[in-house]
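Structure assessment
Here are the chains, one letter per residue:
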Amino acid sequence: MPRLIIPLFGLLLLFPVAATGGPEPGSITLDLTRPGARIPSSLYGVFFEEISHAGDGGLYAEMVQNRGFEESRVPPVCRVVNGELVPPRTEHYATGRVSNWTMPFPDKGPWPSWSIETTGGSVAKASLVTESPLSEAQPHSLKLEITKAGAAGRAAAINEGYWGIAVRKGERYRLRFFTRTQGLAGPITATIEGSDGAVLARSTFKAKAGSGWREYRSTLTASSTEPKGRLALSFGGTGTVWLDFVSLFPERTFKRRENGLREDLARMVADLKPAFIRWPGGCFTEGVCVGTEPDWKTSLGPVEQRPGTYSVWGYWSTDGFGYHEFLQYCEDIGAAAMYVASTGLSCEFRSGTYRPDSDLPAIIQNNLDAIEYAIGPTSSRWGALRAKYGHPTPFPLKYLEIGNEQHGPLYLSRYRAIAAAVKAKYPQIQVILNMGIIGLDRRAIREAASVDLADEHSYRGAGWALRNWDYFDRYPREPGYKLYVGEWATNGGVGRGNFNATLSDAVYMLGMERNADLVSLSSYAPLLENVNRADWNVNLIHYDAARSYGRASYHLLKLFADNRPDVNLPTHVSAPTSQSGERLAGSIGLGTWNTAAEYRDLRVESGGKTVYAPDFSHGAEGWTPRESEWEAKAGVYRQKEERVGWTYFRPETWSDVTISLKARKLSGREGFMVVFHHQGEPPDPETTATWNIGGWNNTQHAIQLNGDMIGAPVPGRIDTGRWYDIRIEARGQRVRCFLDGKQIHDVDLGPSQTVFALGGRDEKSGETVLKVVNARAQAAPLALRITGGAAPSRAETLTLSSPDLNAENSFAEPERIVPVRGSADLTRSYSFPANSITVLRWR
Ligand code: AHR
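The structure contained in this document is the topic of the report that follows. What you see is a predicted model; the values in this text were computed from it and never measured.

**A closer look at the overall build of the chain**
Helix and strand counts for the chain come out as 11 helices and 51 strands. Taken against the 2.2 N^0.38 rule, which gives 28 Å for 843 residues, the C-alpha radius of gyration of the chain at 30 Å falls within 12% of a compact globule. Seen through its C-alpha atoms, the chain measures out along the principal axes to roughly 90 × 75 × 60 Å. Taking all contacts inside the chain whose residues are at least 6 apart in sequence as the whole, residues at least 24 apart take part in 73%. A total of about 32300 Å² of accessible surface is found on the chain, and carbon and sulfur atoms cover 50% of it. Taking the average place of the 93 positive charges on the side chains of the chain and the average place of its 92 negative ones, the gap between the two points comes to 2 Å.

**Section: the sheet that holds strand 5 (residues 103-104)**
Taken in spatial order, the 3 strands make up an open sheet running 3-4-5, and their pairing is antiparallel. The strands lining the two open edges of the sheet, one partner per strand, are strand 3 (79-81) and strand 5. Pairing between strand 4 (residues 84-86) and strand 5: 2 bridges, direction antiparallel. Counted as the bridge partner of Leu85 is Met103 from strand 5.

**Section: the site of the ligand**
Neighbouring the ligand are Phe47, Glu49, Gly282, Cys283, Trp313, Asn404, Glu405, Tyr459, Glu487, Ala525, Pro526 and Trp536. Separating an oxygen atom of the ligand from a backbone N or O atom of Cys283 is a distance of 2.8 Å. Within the side chain of Tyr459, one N or O atom sits 2.7 Å away from an oxygen atom of the ligand. A total of 280 Å² of accessible area belongs to the ligand in isolation, and the protein chains cover 94% of it.

**Concerning the packing of aromatic side chains**
With the rule as written, the count across this model stands at 50 aromatic pairs. For the pair Trp464 and Tyr508, a centre-to-centre distance of 6.3 Å together with 50° between the ring planes defines the contact as tilted. Here Trp464 is found in helix 8 (residues 464-467), whereas its partner Tyr508 is found in helix 9 (residues 499-514), with 44 residues between them in sequence. Taken individually, Trp464 and Tyr508 each receive the classification buried, so the pair is uniform in this respect. Site record: aromatic cluster; members linked through ring pairs are Tyr599, Tyr612, Phe616, Trp623, Trp630, Tyr637, Phe649, Trp654, Phe672 and Tyr724. A cation over a ring is seen here: Arg600 above Trp723, with NZ or CZ 4.3 Å from the ring centre. Taking the ring centre of Phe738 as reference, the NZ or CZ of Arg727 above it sits at 4.2 Å.

**Digging into the pattern of salt bridges**
All chains considered together, the criterion is met by 59 salt bridges. For Glu763, the salt bridge goes to Arg38, with nearest N and O atoms at 2.8 Å. Separated by 725 residues along the polypeptide, Glu763 in the loop between strand 45 (755-762) and strand 46 (767-774) and Arg38 in the loop between strand 1 (26-31) and strand 2 (44-47) bring together distant segments of the chain. Glu763 sits in the partly exposed class, given a relative accessible area of 42%.

**Some remarks on the packing of helix 4 (residues 360-375) against helix 6 (residues 409-425)**
Any two packed helices are characterised by the angle at which their axes cross and by the distance between the axes. Contact geometry for helix 4 and helix 6: axes closest at 10 Å, N-to-C directions at 40°. By the criterion of interaxial angle, the relationship of helix 4 to helix 6 is oblique. Handedness of the crossing formed by helix 4 with helix 6: right-handed. Only Arg414, Ala417, Ile418, Ala421, Val422 and Lys425 of helix 6 make contact with helix 4, whose side of the interface consists of Leu360, Ile363, Ile364, Asn367, Leu368, Ile371 and Glu372. Counted by class, the contact of helix 4 with helix 6 contains 9 nonpolar, 1 polar and 3 charged residues.

What counts and how
- Residues numbered from 1 in each chain as written.
- Predicted model: local features only at pLDDT ≥ 70, side-chain atom pairs only at ≥ 80, totals over all residues.
- Heavy atoms only, no water.
- Helix = DSSP H or I, 4+ residues; strand = E, 2+ residues; numbered from the N terminus.
- Rg over C-alpha atoms; globule rule 2.2 N^0.38 Å.
- Contact = heavy atoms within 4.5 Å.
- Areas by Shrake-Rupley, 256 points an atom, 1.4 Å probe, with all protein chains shown as cover.
- Lys, Arg positive; Asp, Glu negative; His and termini not counted.
- Charge placed at Lys NZ, Arg CZ, Asp CG, Glu CD.
- Pairing = 2+ DSSP bridges.
- Near = heavy atom within 4 Å.
- Polar contact = N/O pair within 3.5 Å; in protein donor to acceptor, adjacent residues only side chain to side chain.
- Phe/Tyr/Trp six-rings, centres within 6.5 Å; stacked < 30°, edge-to-face > 60°.
- Buried < 20%, exposed > 50% of the residue type's maximum accessible area, 1.4 Å probe, protein only.
- Lys NZ or Arg CZ within 6 Å of the ring centre and 35° of its normal.
- Salt bridge = Lys/Arg side-chain N within 4 Å of Asp/Glu carboxyl O.
- Axes fitted to C-alpha atoms, helices over the stretch in contact; angles between N-to-C directions.
- Parallel < 35°, antiparallel > 145°, perpendicular 65-115°, else oblique.
- Left-handed = near helix turned anticlockwise from the far one by under 90°.
- Nonpolar A, V, L, I, M, F, W, Y, C, P; charged D, E, K, R; others polar.

And the structure:
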């Protein structure tokens, strides 16, 4: 779009936005004569991973946290050293060296989520023991030695649930637990209690004597609603009791299944009408290191006998939402199942351990068994087990993804072997290849031989989708495979997810839909977040024990799934380009990447005036270093270590800045990083604009916004020991960068297009569907033109919009941003609201 149109459109905004008598508005032209790509019904699926308590404490309806007393268990094959989990020190499969990667394993005490209460003179000693376990798979139990039973008090084990046990008045809850006892005199009382201690439900059991494990069950009915209750098991009299596997489920689970799913969350996911569910990960699939990876086989059968999985997300999964439950859920909501198989390699960016090739036959067999469990006849070994667990008919397993985010020769050899075995026995199963983290790896696709789908992951910063609207258009079309965008989200520079993210998400989805001849599956990530424990910054559905809501992007995904046409129609937008009035505004920072460097003569000018010029003679007032130590002395601000580190000046609202300074590299791998725009305190490195000078191992310079590179990088390096002159001029959204007086970049950080549209035909209803994203801060009046047919006079509309880009839904306002129904008069130009996503439908 030519820049000339900007002032013209600026004029237009002086008139009422829906005016017809003013200057010519923009237009959207839909071409009915040349239908484009067909949009497969598989396009929109979901991705489930046990992260941020997506399953335990989320979708899986269990209400007791650490029900088996296993949460403090050190995962197999690992050690804990100084609070860090250390995997076996074996060779990394990609580098050939031993990785020194560790992850935190904080001491949460012996029985996290449980507390022992002794009141009214009761005396009891608690310990975590492994003697005579209920199940070898879950070896720990809680031992309580009660030496004094106070008449007015109790000795009790109390579980806080997943940050509360939420019950609703009149609802029934199924309790189950096991004990062994030795001389326990009194009864066992189970109570659901409010946060104030009020008893909301009670069940009393006569303690079953004997040294063997005994099971107790009952159903409790809540007398009132409580969002943050707890469960207490109190033991009357003296004696010793061993307690294990304490479980509480709402009777009302999704589809009333036992060991089932939380109704609200399962319904929210179902409402996305996912074509498929990808399970169980993500990084979860790879394990902390080999030897800890999940195994679908141990996620079957009695829940108290499942060992669980410890993942890189730092907590034990009970695997209660196991392979069978996953397949059942797929069937229940009409989704195809996608199982992600371990290839015997752990995460390349973490431990990088691998199973030897001699394990490959067993790995292959395990995957064939997984398929047999899902779809094999009941006469087969694993099909028979499926029948035993209550499901003789096959489950809807359709896809097998081989590994997660892996690439390289070893991965490819595993892929080829697994894919060949799967295809030979189950040609109907679609196999999915990984391609590392971001981008299309055509070489991997070529070398992998048989590929039905190649999985690309795409986490992007705010605005990336707008600047890369043609991203998938540029992909080569090659026969043999389709693209699966297995994990995608706008998650940089959008806080914890705001409406700005939703606008970018919408454009990204339009890009996929428009290229549906190539992109045939996609799934947003991550899907679920228990707000009490977020392992990832931006997630789709938020909840605590009692409540849930979808972010605006959830409503977007639902909107697009509900309005997925069968075939695209070529759509052309002629609309204004710039987000007029918007400009970069914020503060500054300095950084280094594996490098020691020093800076001096810093000056910030804004609006022609010097607004900041520190002398760095005795300290750096107003600066806050992060992950590095900075020293300001004798006019120089220095970071002496070869580290990745930053220092940020206090929040400011400077705009139209010229930043000048001198910089010298002391030692290390790269050059300098000058942040010329950051907001917030503390600044999120993802939300900054940075000039990275001598980055990428000292090979090039580039501007980065929200973590993404903007414009083309320029080859260049930084020499050690030499002072460089740096100047950055940021005017509006145009940024020019100079090194030693020579211009290196001239880049517009604003998107070149801000209105996006895609039309299509819904063959079943005979309707035309048009989706329009207006990512401008102003309304966009656009006329609809139709090639090869009559223009409609009216359309039904659903509009998702927010004047405030930082706005989001929340527990307080769960429906602040939801689609609003309306209609559009198309006999004249229609005004698409500022910051909006509109779906129009007409017959
Ligand atoms: O979605 C969160 C994580 O992102 C996934 O586990 C992993 O596959 C990706 O890196």
